[in-house]
Amino acid sequence: MIRINENYLKLQSSYLFSNIAQRVSAFQENHPERKIIKLGIGDVTRALPSACIHAFHTAVDEMAEDHSFRGYGPEQGYACLREKIAENDFRARGADVSPQEIFVSDGAKCDTGNIQELFATDIRIAIPDPVYPVYLDTNVMAGRTGLFEKDRYQGVVYLDCTKENEFIPELPKNSVDLIYLCFPNNPTGAVATRDILKSWVDYATENHALILYDAAYEAFVRDETIPRSIYEIDGAREVAIEFRSFSKTAGFTGTRCAYTVVPKTCIAYDGLGKKHFLHAMWNRRHSTKFNGVSYPVQKAAEAVYSEEGRIQARALIDYYMKNAALIRKEMAGLGYTCAGGDNSPYIWIEGKMDSWGFFDLLLNKAGVVCTPGAGFGQCGEGFIRISAFNSYENVKEAMVRIKEALY
Ligand code: MLT
């Protein structure tokens with residue numbers, strides 16, 4: 001008899017963003033005349049930088065000729081892209097990362113979801129609350145948690161991120177083995193200073209733990225004192241894996257390209273306490289289960305590091321950050337306490353009511369989609385997240401509609 005993985009039965013209904021999409025399409029069906037403005041899921045709306053499009057076209061043309069056609073590429077990604085990443089995203093900032101430590105993939109969502117396969121099921125995991133749901137859900141699927149009781153999965157060490165701690169989690173009181181961190185944070189928009197990151201790296205070192213560091217939003221950091229990579233911190237190469245994405249940095253949500261850095265010095269232990277290199281394990285996993293990102297997509301991603309690509313990608317980020325500033329200003333003007341939006345495309349807003357209630361109110365009265373904070377965890381209750389990814393005109397209209405709806 002075929003049997004299911006019963007851990008799936010522990011999961012809460014559907015994935016957050018699928019749940020929201022279903023509610024929005026039900027609303028749209030009942031109100032076909034309403035123009036809905038989507039500021040929910042962080043999905044980019046502007047065209048790819050022209051430097052990327054040009055490289056994309058050129059690579060497609062190469063595929064059209066026998067002499068330049070390419071079949072399977074290296075599972076880890078083409079050297080030309082990995083070298084540019086290492087040089088520009090890390091070495092230029094004083095972080096010691098080599099091209100061979102970079103694994104190109106089709107998304108940080110997949111990588112943050114898949115990486116947990118490398119670890120034992122009985123380790124203690126620490127996960128911030130609120131959190132990008134993928135970290136938690138994939139650990140539930142793997143059987144690393146107990147049942148969902150009183151709004152939380154048993155067995156997980158939740159790191160509460162609240163207004164009181166400015167949405168920066170405190171170090172766990174007890175020892176944990178695997179720690180998820182995301183900065184600039186999704187959903188709160190909080191950023192971690194060098195000292196904060198250092199305290200996490202020191203904690204991981206002392207406790208023989210590992211940090212999974214999601215830096216998908218690093219390109220939005222405006223404050224030059226804030227580290228963009230965990231490898232800017234001494235000691236991180238031994239205790240941290242970092243995830244990056246071209247999705248928000250250069251508009252690749254539909255094109256799919258990301259990468260994960262697993263330093264060759266990064267270690268974990270077996271049941272007897274013997275050290276193992278995670279680079280070799282991830283390489284084994286990646287080459288067994290993944291056949292690489294398509295050549296034209298990698299060439300498009302490589303173009304982000306050209307002179308014009310860099311300027312164009314920066315202009316994209318600036319565009320969304322102007323939206324973020326507007327959202328934060330307008331919501332604060334309406335009397336709401338806001339976080340984020342200054343080094344991040346997300347604005348985290350204390351809604352003064354339950355977060356699904358606020359979501360429904362904005363959808364029904366303003367035709368604006370946000371993300372209810374409770375969908376990111378218990379500590380998100382009472383908050384909503386508004387994303388800056390849309391056109392400036394739509395964001396402006398959304399703010400006018402929200403003002404009207406709330407007064
Ligand atoms: C979000 O809205 O939190 C993200 O866009 C989701 C994702 O990147 O998968």
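Source: prediction; values computed, not measured.

Reading guide: rules and limits
- Residues numbered from 1 in each chain as written.
- Predicted model: local features only at pLDDT ≥ 70, side-chain atom pairs only at ≥ 80, totals over all residues.
- Heavy atoms only, no water.
- Pairing = 2+ DSSP bridges.
- Helix = DSSP H or I, 4+ residues; strand = E, 2+ residues; numbered from the N terminus.
- Axes fitted to C-alpha atoms, helices over the stretch in contact; angles between N-to-C directions.
- Contact = heavy atoms within 4.5 Å.
- Salt bridge = Lys/Arg side-chain N within 4 Å of Asp/Glu carboxyl O.
- Buried < 20%, exposed > 50% of the residue type's maximum accessible area, 1.4 Å probe, protein only.
- Phe/Tyr/Trp six-rings, centres within 6.5 Å; stacked < 30°, edge-to-face > 60°.
- Lys NZ or Arg CZ within 6 Å of the ring centre and 35° of its normal.

Caption draft 1: Spotlight on the sheet that holds strand S9 (residues 240–245). In spatial order, the strands read S2-S10-S9-S8-S7-S3-S6; together these 7 strands make up an open sheet with mixed pairing. Each of the sheet's edge strands pairs with one partner strand only, and the pair in question is strand S2 (102–105) and strand S6 (157–160). On average, each strand axis in the sheet is tilted by 20° relative to the strand beside it, whichever way the strands run. Bridge count for S2 against strand S10 (residues 258–261) is 4 bridges, and the pairing is antiparallel. Across the sheet, the residue bridging to Ile102 is Val261, located in S10. In the packing of helix H3 (residues 79–90) onto the sheet, the strands contacted are S2, S9 and S10, and the crossing angle to S2 comes to about 115°.

Caption draft 2: A look at the pattern of salt bridges. A full pass over the atoms with the stated rule returns 26 salt bridges. Across the pair Arg93 and Glu232 runs a salt bridge whose closest N-O atoms are separated by 2.9 Å. In this pair, Arg93 is assigned in the loop between H3 and S2 and Glu232 in the loop between strand S8 (210–214) and helix H7 (236–239), connecting sequence segments 139 residues apart. A salt bridge links Lys299 to Glu302; the shortest N-O distance between them is 2.8 Å. Of this pair, Lys299 and Glu302 both sit in helix H10 (residues 295–302), 3 residues apart, which is roughly one turn of that helix. Owing to a relative accessible area of 12%, Glu302 belongs among the buried residues under this scheme.

Caption draft 3: The packing of aromatic side chains, seen in detail. A complete count under the given rule lists 24 aromatic pairs for this structure. Consider the rings of Tyr78 and Tyr295, whose centres lie 5.2 Å apart with planes at 75°: the pair is edge-to-face. Taken as a pair, Tyr78 in the loop between helix H2 (50–63) and H3 and Tyr295 in helix H10 lie far apart in primary sequence, 217 residues in all. When sorted by exposure, Tyr78 lands in the same class as Tyr295, which is buried. Plain terms: the ring middles of Phe246 and Tyr259 are 6.0 Å apart, the flat faces sit at 55° to each other, and that makes the pair tilted. Here the residue Phe246 occupies a position in the loop between S9 and helix H8 (247–250), and Tyr259 occupies one in strand S10, the gap between them amounting to 13 residues. By relative accessible area, which is 2% here, Phe246 ends up buried. Taken together, the ring pairs in this structure connect Tyr15, Phe17, Phe167, Trp348, Phe376 and Phe383 into an aromatic cluster. The ring of Tyr319 is capped by Arg46, whose NZ or CZ atom sits 3.7 Å from the centre of that ring.

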